[in-house]
Amino acid sequence: MASSKGGVATSTAAAAARASDMEKMSVEQLKGIKEQTDLEVNLLQDSLNNIKTATGRLEVAATSLKDLSLRPQGKKMLVPLTASLYVPGTLDDADRVLVDIGTGYFVEKTMNEGQDYCESKINLLKCNFDQLIEVATKKKTVADEAGAILQAKLRQLAPTA
């Protein structure tokens, strides 16, 4: 617990130092920082959405593998060729599956290896998601600080009537 309190204190000190540095910047520099950090936050948000989509697809694949393992040999089924094209087929061996490892490459694995592959990829994506959330939050804080300081400077520069 002591380390997490130290991390919060360090983070607060860094934010105060950053705000102090930003107050010394010109309006143009602040606009540049605000625009850059907003762009970075948007890119990170896109990456987060892509990770969510990939995680969802892997979870569906893991569920499908589990369902497939429960089916008997010789079972008639529809086999997906694309997202909207299915052809009739017969289950030959439920213990061997082809796993898409990316860029059009497939590897034959046992059912358990296929399920383990999906689970490890899901765990990796969730870890990456958590790290990106942390980075995006920090970037958003910087953008908000720059925007607030920019607004204050613009109010100071505006003629008072």
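Scope of this entry: the structure provided in the associated data block. (Residues numbered from 1 in each chain as written. Predicted model: local features only at pLDDT ≥ 70, side-chain atom pairs only at ≥ 80, totals over all residues. Heavy atoms only, no water.)

Take the overall build of the protein chain next. Broken down by element type, the protein chain carries 3 helices and 4 strands. Counting helices and strands in the order they occur from the N terminus, the protein chain gives α-α-β-β-β-β-α. Counting across all 161 residues of the protein chain, residues that qualify as buried make up 22%. Put simply, 56% of the contacts in the protein chain that link residues at least 6 apart link residues at least 24 apart. In the structure as shown, the protein chain presents an accessible area of about 11400 Å², 58% of it carried by carbon and sulfur atoms. (Helix = DSSP H or I, 4+ residues; strand = E, 2+ residues; numbered from the N terminus. Buried < 20%, exposed > 50% of the residue type's maximum accessible area, 1.4 Å probe, protein only. Contact = heavy atoms within 4.5 Å. Areas by Shrake-Rupley, 256 points an atom, 1.4 Å probe, with all protein chains shown as cover.)

The next point concerns the pattern of salt bridges. Taken as a whole and assessed by the stated rule, the structure comprises 7 salt bridges. We note a salt bridge from Lys140 to Asp144, for which the minimum N-O separation is 3.1 Å. Linking Lys140 with Asp144, this pair stays in helix α3 (residues 111-157), spanning 4 residues, or about one helical turn. For Asp144, a relative accessible area of 40% puts it in the partly exposed group. (Salt bridge = Lys/Arg side-chain N within 4 Å of Asp/Glu carboxyl O.)

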